[in-house]
Structures are given as C-alpha cells and as structure tokens.
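Coordinate analysis (summary)
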Amino acid sequence: MREEILSAFIRLVAYTPELQAYTASKLYTALHADISQESLTLSATWVIGEYSEVILEGGLVDEDQPKPVSISEIWAAL
C-alpha cells in the first residue's frame, strides 16, 4: 500500500470519532489473525496505540456481544 493511502486512512480514523472504536477493534482482530502484512501492521499499531482505551472499555466489536479484551492481550498482539 502506498504511503499516501495509509496516511489518508489514519487521518480518516483520527478525524472521525464514530470510526475509532470500530476500526481499532477490527484492526486488532485482523492483526491478531495475520501479522505478516506490513500495511496492516503499521495501521493497526497506530490505531490500536491511539484508541486502545476504547477497546479496553468497550471490548471488541462483535455482531452479537462485545468481547472483553485485556491490556496484556493488546500488548501480545503488538
């Protein structure tokens, strides 16, 4: 992924509060599943670093029920 696209994505998340919890949760899940993609790792690390408190307070976004996650699980993923 080009740097401009990655930068635009991060800027979009940073300036759209409605996306922050959802994006952090989904990137955490994606990163936990596959850490081999560089762009995913870069964006997930930044977003999770900035909005980890949202994941800790609200849990992972799920269709039925939010799943709780601990700080140690977040550190392990990063």
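Residues numbered from 1 in each chain as written. Predicted model: local features only at pLDDT ≥ 70, side-chain atom pairs only at ≥ 80, totals over all residues. Heavy atoms only, no water.

Quick notes on the environment of R2
Structurally, the position occupied by R2 is in the segment before α1 (3–14). Relative accessible area serves as the criterion here: at 53%, R2 is assigned to the exposed category. Separated by 31 residues in sequence, R2 and A33 have C-alpha atoms that sit 22 Å apart. (Helix = DSSP H or I, 4+ residues; strand = E, 2+ residues; numbered from the N terminus. Buried < 20%, exposed > 50% of the residue type's maximum accessible area, 1.4 Å probe, protein only.)

Remarks on the packing of helix α2 (residues 17–33) against helix α3 (residues 38–58)
Taken N-terminus to C-terminus, the directions of α2 and α3 make an angle of 125 degrees; their axes are 8 Å apart at the nearest point. Classified by the angle between their axes, α2 and α3 sit oblique to one another. Crossing hand, α2 versus α3: left-handed. In this structure, α2 uses Q20, A21, T23, A24, S25, L27, Y28, A30 and L31 to contact α3, whose residues at the interface are L40, T41, S43, A44, V47, I48, Y51, V54 and I55. (Axes fitted to C-alpha atoms, helices over the stretch in contact; angles between N-to-C directions. Parallel < 35°, antiparallel > 145°, perpendicular 65-115°, else oblique. Left-handed = near helix turned anticlockwise from the far one by under 90°. Contact = heavy atoms within 4.5 Å.)

All we've got here are geometric facts, nothing functional implied.
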